[in-house]
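# An overview of the molecular structure
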Amino acid sequence: MALYIGVMSGTSLDGMDIALIALEPGITLLATHYIPMPEALRSELLGLCASGHDEVARSAIAENHWVELAAQGVNALLAQQQLSPTDIRAIGSHGQTIRHEPARGFTVQIGNPALLAELTNICVVGDFRRRDVAAGGQGAPLVPAFHEALFTGEVGDRAVLNVGGFSNLSLITPNAPVAGFDCGPGNVLLDAWIQEQRGELYDRNGQWAASGKVEPLLLNSLLSDPFFQTKGPKSTGREVFNLAWLKQHLFNLPTFPAEDVQATLLELTAQTIVESLRAAQPNTDELLVCGGGAHNAALMARLADLLAPAQVSSTQAKGVDPDWVEAMAFAWLAHCCLENIPTNRPSVTGARGLRILGAIYPA
């Protein structure tokens, strides 16, 4: 039995997920640890998503702070499980995405794997996305190969939906290569709007969105963005969808109640997921949802309405906690890198071929 740790902090920037998994046989989640993102670090990481003063030095300092937080979490998890660094074969560290522009040939995840290896005394595998981009791919999403490994084996067309800051789909069809792509905003606009309007980090259970009504004028304006007209392979990020983007659409429209804007943003997330899923896999039998969006009751209900009669549930229905799927994925990706197993999927990213992803930093 080989043990791996996965470290993941997504575009929502709410915190850091650290998962311990066992491999061979199967993929088993053994333990988890969560660290809330300190507000000062969160603010700095958000600021680095756009050009600014002295950003090279600022990003270097921020990534070292990010790594110190990750190392603190890894060491806490080891202590909790009474394990030593020598018990862990590797850490798979996604790092923190601050820019993602594959159309311009680059994606940037900061996370200083060398420092993480130094602070934990464990081999670290990082920098997973850039090899796929170098091969002409989008560099995202990378989790479809893991979703395929975790959820393949039953009859029927299945989709796995991750809803973090952005939403992405993995399409699992028997006897066919896994497919997948980014759908568009997941929680990123919902979080940004409620933070500005109410000072809350997120809309718990979608309750604020559920208190409003969808505004068709605003929804149609948002849906006019060119990203929604393109088919996969495609990926996106804060460079495209952000609070300024929303306000540009609001500028020439009537003033709507804030809760109605939130309701419309939830409808945007739901519709763009379902429309892209129907276009790519029209006979979907089951949708499994992971990520923070799995806890948004209003979003889950809307997805179920739009996708009926397909079954919609969280990955918990298959025995996998939806909060830890992505951290588990990067632990598994580290294993695949060390075993020389390609884990990008050209059918997902558009890369020229299969590639081994990740760079290795020995302990």
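Only a predicted model underlies this, so the values are computations on that prediction, with no experimental measurement involved.

The rules we used
- Residues numbered from 1 in each chain as written.
- Predicted model: local features only at pLDDT ≥ 70, side-chain atom pairs only at ≥ 80, totals over all residues.
- Heavy atoms only, no water.
- Phe/Tyr/Trp six-rings, centres within 6.5 Å; stacked < 30°, edge-to-face > 60°.
- Buried < 20%, exposed > 50% of the residue type's maximum accessible area, 1.4 Å probe, protein only.
- Lys NZ or Arg CZ within 6 Å of the ring centre and 35° of its normal.
- Helix = DSSP H or I, 4+ residues; strand = E, 2+ residues; numbered from the N terminus.
- Pairing = 2+ DSSP bridges.
- Axes fitted to C-alpha atoms, helices over the stretch in contact; angles between N-to-C directions.
- Parallel < 35°, antiparallel > 145°, perpendicular 65-115°, else oblique.
- Contact = heavy atoms within 4.5 Å.
- Nonpolar A, V, L, I, M, F, W, Y, C, P; charged D, E, K, R; others polar.
- Polar contact = N/O pair within 3.5 Å; in protein donor to acceptor, adjacent residues only side chain to side chain.
- Domains from an automatic or database assignment.
- Buried area = accessible area lost by both parts, 1.4 Å probe.
- Salt bridge = Lys/Arg side-chain N within 4 Å of Asp/Glu carboxyl O.

### A look at the packing of aromatic side chains
As enumerated under the stated definition, the model contains six aromatic pairs in all. Residues F241 and W245 carry aromatic rings whose centres are separated by 4.9 Å and whose planes lie at 80° to one another, so their mutual orientation is edge-to-face. Take F241 and W245: they sit in the same class, and that class is buried. Three or more aromatic residues link up through ring pairs in this structure, and these residues are F227, F228, F241 and W245. A cation over a ring is seen here: K234 above F227, with NZ or CZ 4.4 Å from the ring centre.

### So, the pairing of strand β8 (residues 158-163)
Judged by how many residues are buried, β8 sits mostly within the fold: six of six residues are covered. Residues R158, V160 and N162 point to one face of β8 and A159, L161 and V163 to the other, with burial holding for every one of them. Two elements, β8 and strand β9 (residues 166-172), share six bridges in a ladder whose sense is antiparallel. Of the residues in β9, the one forming a bridge with L161 is L169. Here β8 folds back onto β9, and the loop between the two strands holds two residues. Two elements, β8 and strand β11 (residues 286-290), share five bridges in a ladder whose sense is parallel. Note on β11: the bridge partner recorded for N162 is C290.

### What to know about helix α5 (residues 144-151)
Along α5, six of the eight residues are buried, which leaves the element largely enclosed by surrounding structure. Residues of α5 that are buried: P144, A145, F146, H147, L150 and F151.

### Section: the packing of helix α6 (residues 188-198) against helix α9 (residues 243-251)
In contact at an axis separation of 9 Å, α6 and α9 are set at 80° when each is read in the N-to-C sense. With respect to each other, α6 and α9 are oriented roughly perpendicular. On α9, the residues touching L189, A192, W193 and E196 of α6 are L243, W245, L246, K247 and L250. For the contact of α6 with α9, the class distribution of residues is seven nonpolar, no polar and two charged.

### A few points about the sheet that holds strand β3 (residues 27-36)
A sheet is described by the order of its strands in space; here six strands give the open sequence β3-β2-β1-β4-β7-β13, paired in mixed fashion. The sheet is open, and its two edges are formed by β3 and β13 (359-361), each paired on a single side. Strand after strand, the sheet turns through a mean of 20° between neighbouring axes, direction not considered. The pairing of strand β4 (residues 90-93) with strand β7 (residues 124-126) spans two bridges and is parallel. Its bridge partner lying in β7, G92 is registered against V125. Packing against the sheet, helix α2 (residues 55-80) makes contact with β1 (2-8), β2 (15-23), β3 and β4, and its axis sits at approximately 130° to β3. Lying over the sheet, helix α3 (residues 113-120) contacts β4, β7 and β13, oriented at roughly 160° with respect to β7.

### Some remarks on the environment of S347
If you trace the backbone, S347 turns up in helix α13 (residues 346-349). For S347, a relative accessible area of 38% corresponds to the partly exposed category. Sequence-wise, S347 and G73 are 274 residues apart; in three dimensions their C-alpha atoms are separated by 35 Å. The residues contacting S347, other than those within four sequence positions of it, are P177, V178, A179 and G180. Separated by 2.4 Å, the side chain of S347 and the backbone oxygen of V178 make a polar contact.

### Here's the deal with the domain arrangement of the chain
What the domain assignment lists for the chain is domain 1 (2-139 + 322-361) and domain 2 (144-318). Put simply, the middle of domain 1 and the middle of domain 2, counted by C-alpha atoms, are 23 Å apart. Between domain 1 and domain 2, roughly 2200 Å² of surface is buried when both sides are summed, and carbon and sulfur atoms account for 59% of that area. Taken as a group, P322, V325 and V348 account for 27% of the area that domain 1 buries against domain 2, more than any other trio of residues on that side. Between E148 and R345 there is a salt bridge, and its shortest N-O distance comes to 3.7 Å. Residue assignment for the side of domain 1 that touches domain 2 shows that the elements contributing at least two residues are α1 (39-47), β5 (96-101), α12 (325-338) and α13. Of all the elements, α12 adds the most residues to the side of domain 1 that touches domain 2, at five residues. Tallied by class, residues from the side of domain 1 that touches domain 2 come to 12 nonpolar, eight polar and six charged.

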